[in-house]
Amino acid sequence: MCQVEEDYNGLECKQEKIPVPTLDRKCVKCKEGTAALIIRVSDAFCRSCFKEYFIHKFRAMLGKNRVIFPQEKVLLAVSGGAASCSMLSQVIEGLSRDAPKKLRFLPGIIYIDDGGACGRSQEERQRSVDQLKSIFTHTGFPYFIVPLEQVFVLPSSVLVPVTPDPDPSSPSYKHAVDQYIREHKLAEEDEPSAAARLRVEDSYPPEHKLALESLFSSLNTLTAKEDMLHTLRQHLILHVARENGFSKVMMGESCSRLAVKLLSNIALGRGAALASDTGFSDPRFGDVGIVRPMRDYSSKEIAAYCRMFDVPSVFIPGLETRTPDKASVQRLTEAFITNLQAEFPSTVSTIYRTSEKLHTVKPSESEHSEPASRCLLCVCALDTCVDKASAFHATLLSEQLSQIKLQDVSHDALRCAETQDASHDALRCTETQCCGTGGCSSNRVPAHQDLKTLLCYSCRLTIKDMGSVATLPAYITAEAERRRKRSLMKKEISEYLLEDAD
Amino acid sequence: MAAPLGLHLEFGGGAELLFDGVKNHHVALPGQSDPWDMKQLLAWIRGNMLKERPELFMQGDTVRPGILVLINDADWELMGELEYQLQDQDNVVFISTLHGG
């Protein structure tokens, strides 16, 4: 794999200072073919070298990271766009290779039809689904086409983080490969007939369609809508992956996309989760790992590859389609980065290199972290258990103080705000408010405040933007209620529990 | 005096939405005194073909950043971008690489 790096570093060194646009530039790699595409500042590649480079990069990415084991079931999340469809084409390419270079995992495809959240008509959605079906059928992989409306039948177990069992039998990649080769020699004929297990879940009752519409219309800003759509989509993909025994999910995010995500997530208050939101592998769900093998490609490379080598893709309008630049934080960031990129071609790569260096600081008690310490929506470690002298607490306090005047319960709430415990302030605060009056009935409608304590800073902002949390799918509210009761019970029995040794 | 040109224009990645959802267009550019270049073609597209929201396709007199332009399957940055002089039967492709088109 180091050979790869050397190759491309070598190319970068040869960059000319000023790119001179000429009609007959030669490819920088083979020096023979006529250049067809400028990849970096002055690196022009010919068609065949570009194809080779593109294919190699995908394999290098998987080879370098070594997270996908032989015979592992991998779910490819395909949205129909160029990036995820070229990822699909690379997987097909990799699986069709001869023995030593062959990719050895077992792929499946998932498409989440979010047309219901984006206001698309039934006919339009059906047309997109039909187009995708013909692409998917052609691959021979098992596929799942899941309408977003399915979130209303998700079980609340989706939100319970599963810690990966520290299985001592499969610790290293090398071990797994060796084992695979051994087993494969024994049972060559044991090829699973992947195509035999086609399953399509494309029906949903009309009330779910309405519920989804009211959920999205209760969100006031496009920023929050995009965030919510992303969260729900993740949950659905996770559920399908778990139900069907997939232990990895591949997302087709390009480096241009990730650069936008990095900056917009900072703006959205997701700084604490940046490493897992944008890194190559995202371990937040424990048993199902998310990997982003396309994160080395720019969107230009991807679009050019799809066009030049006829990779089928389906354009499906989404929430952001035909919106002005300032419609949402994500959209504005995208416009900012692409405009900057046009003038300064190393913008995206600089941001991208930064994202590579990010790591999550593991909280000290992470070994036995309980479900309650994870965000209910994004399943990231909660970033709200921070020191009292922090921006988070300052924001929280000022919010509480500003609400006091409105509700005119100044003394109680103020005292509550003042006597906060450094770590569990928000939790206690709500409990004194709702349980102090003896209201612990089981069928309560969840309030904003109840949910908030279970969310990370950024998800709180999204929920704050909602008109009514009653429109949230049942699996979220059920899990919220379960966690709330659990923490209540824990508090009640806390005096009978033995303190931890330290 | 340049002769009239026949061009094949293609829009993709969501850019087609601004052109009535039609991806492929065969257009005939009228003859004019100077030869047609990309800059004039873009102005012509804006005047004659763009159905809505020109700001989502154009920025100033060039295409909006994030839209990839290929002339005869080659990057237009290699062809001189706006200065490229169009030939009869050229194939010009516009692909939006922006999220949501």
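Only a predicted model underlies this, so the values are computations on that prediction, with no experimental measurement involved.

Concerning the pairing of strand S2 (residues 24–29) of chain B
Consecutive side chains of a regular strand alternate in pointing toward one face of the sheet and then the other. Residue and element names in this part refer to chain B. Alternating residues of S2 divide into His25, Val27 and Leu29, all buried, and Asn24, His26 and Ala28, none buried. Bridge analysis of strand S1 (residues 5–12) against S2 gives six bridges, and the strand direction is antiparallel. When the sheet's bridge partners are listed, Leu9 is paired in S2 with His25.

Describing unusual backbone geometry
All names here are of chain B. Residues other than glycine seldom take positive phi values, yet Arg53 does so here, at roughly 45°. By relative accessible area, which is 26% here, Arg53 ends up partly exposed. The phi torsion at Glu81 lies on the positive side, around 45°, for a residue other than glycine. Assignment of secondary structure puts Glu81 in the loop between strand S6 (74–75) and strand S7 (91–96).

Considerations on helix H6 (residues 206–217) of chain A
The end-to-end C-alpha distance of H6 of chain A, which contains twelve residues, comes to 17 Å, matching closely the 16 Å that a straight helix rising 1.5 Å per residue would cover. In the core, the buried residues of H6 of chain A are packed alongside helix H7 (222–243) of chain A.

Some words on the UniProt feature "modified residue: 1-thioglycine" (unreviewed entry) in chain B
Residue and element names in this part refer to chain B. As annotated in UniProt, the feature "modified residue: 1-thioglycine" (unreviewed entry) corresponds to Gly101 in the numbering used here. With respect to the helices, strands and loops of the structure, Gly101 is situated in the segment after S7. We classify Gly101 as buried; its relative accessible area is 17%.

Digging into the packing of aromatic side chains
Counting across every chain of the model gives 16 aromatic pairs over all chains. Ring centres 5.0 Å apart and planes at 45° place the aromatic pair Tyr305 of chain A and Phe309 of chain A in the tilted group. Considered together, Tyr305 of chain A and Phe309 of chain A belong to a single accessibility category, that of buried residues. Ring centres of Phe11 of chain B and Phe19 of chain B lie 3.9 Å apart, and the angle between their planes is 15°; on these two criteria the pair is classed as stacked. Accessibility expressed as a relative area gives 1% for Phe19 of chain B, which makes it buried. Joined through ring pairs, the aromatic side chains of Phe45, Phe50, Tyr53, Phe54, Tyr297, Tyr305 and Phe309 of chain A make up one cluster. Note that Lys73 of chain A overlies the ring of Phe246 of chain A, its terminal NZ or CZ placed 4.7 Å from the centroid. A cation over a ring is seen here: Arg284 of chain A above Phe285 of chain A, with NZ or CZ 5.9 Å from the ring centre.

Overview of the domain arrangement of chain A
Residue and element names in this part refer to chain A. Considered domain by domain, chain A is made up of domain 1 (67–161 + 190–361) and domain 2 (391–401 + 413–496). In this complex, domain 1 contributes 22 residues to the contact, which on the side of domain 2 involves 20 residues. Buried surface at the junction of domain 1 and domain 2, both sides included, amounts to about 1600 Å², of which 60% is carbon and sulfur. Counting the surface domain 1 buries against domain 2, the share from its top three residues, Ser156, Leu159 and Ser218, is 25%. Where domain 1 meets domain 2, there are zero salt bridges. Remark: the boundary between domain 1 and domain 2 carries eight residue pairs in polar contact (both at pLDDT 80 or more). For the side of domain 1 that touches domain 2, the secondary-structure elements that each account for two or more residues are H6 and H7. Sorting elements by how many residues they give to the side of domain 1 that touches domain 2 places H7 first, with five residues. Tallied by class, the residues present in the side of domain 1 that touches domain 2 amount to 13 nonpolar, seven polar and two charged.

Things to note about the confidence of the model for chain A
Residues and elements named next belong to chain A. Counting all residues, the mean pLDDT for chain A is 80, and 77% of those residues have values of 70 or more. Scored below 50 in pLDDT, residues 1–21 makes 20 contacts in the model with residues more than four places away or belonging to other chains. pLDDT under 50 marks residues 187–200. Its contacts with residues more than four places away, or in other chains, come to 18 contacts.

Rules of the game
Residues numbered from 1 in each chain as written. Chains lettered and ligands numbered in written order. Predicted model: local features only at pLDDT ≥ 70, side-chain atom pairs only at ≥ 80, totals over all residues. Heavy atoms only, no water. Buried < 20%, exposed > 50% of the residue type's maximum accessible area, 1.4 Å probe, protein only. Helix = DSSP H or I, 4+ residues; strand = E, 2+ residues; numbered from the N terminus. Pairing = 2+ DSSP bridges. Expected span 1.5 Å × (residues − 1). Contact = heavy atoms within 4.5 Å. UniProt positions renumbered as here; feature names shortened; annotations may be inferred. Phe/Tyr/Trp six-rings, centres within 6.5 Å; stacked < 30°, edge-to-face > 60°. Lys NZ or Arg CZ within 6 Å of the ring centre and 35° of its normal. Domains from an automatic or database assignment. Buried area = accessible area lost by both parts, 1.4 Å probe. Salt bridge = Lys/Arg side-chain N within 4 Å of Asp/Glu carboxyl O. Polar contact = N/O pair within 3.5 Å; in protein donor to acceptor, adjacent residues only side chain to side chain. Nonpolar A, V, L, I, M, F, W, Y, C, P; charged D, E, K, R; others polar. pLDDT = per-residue confidence, 0-100.

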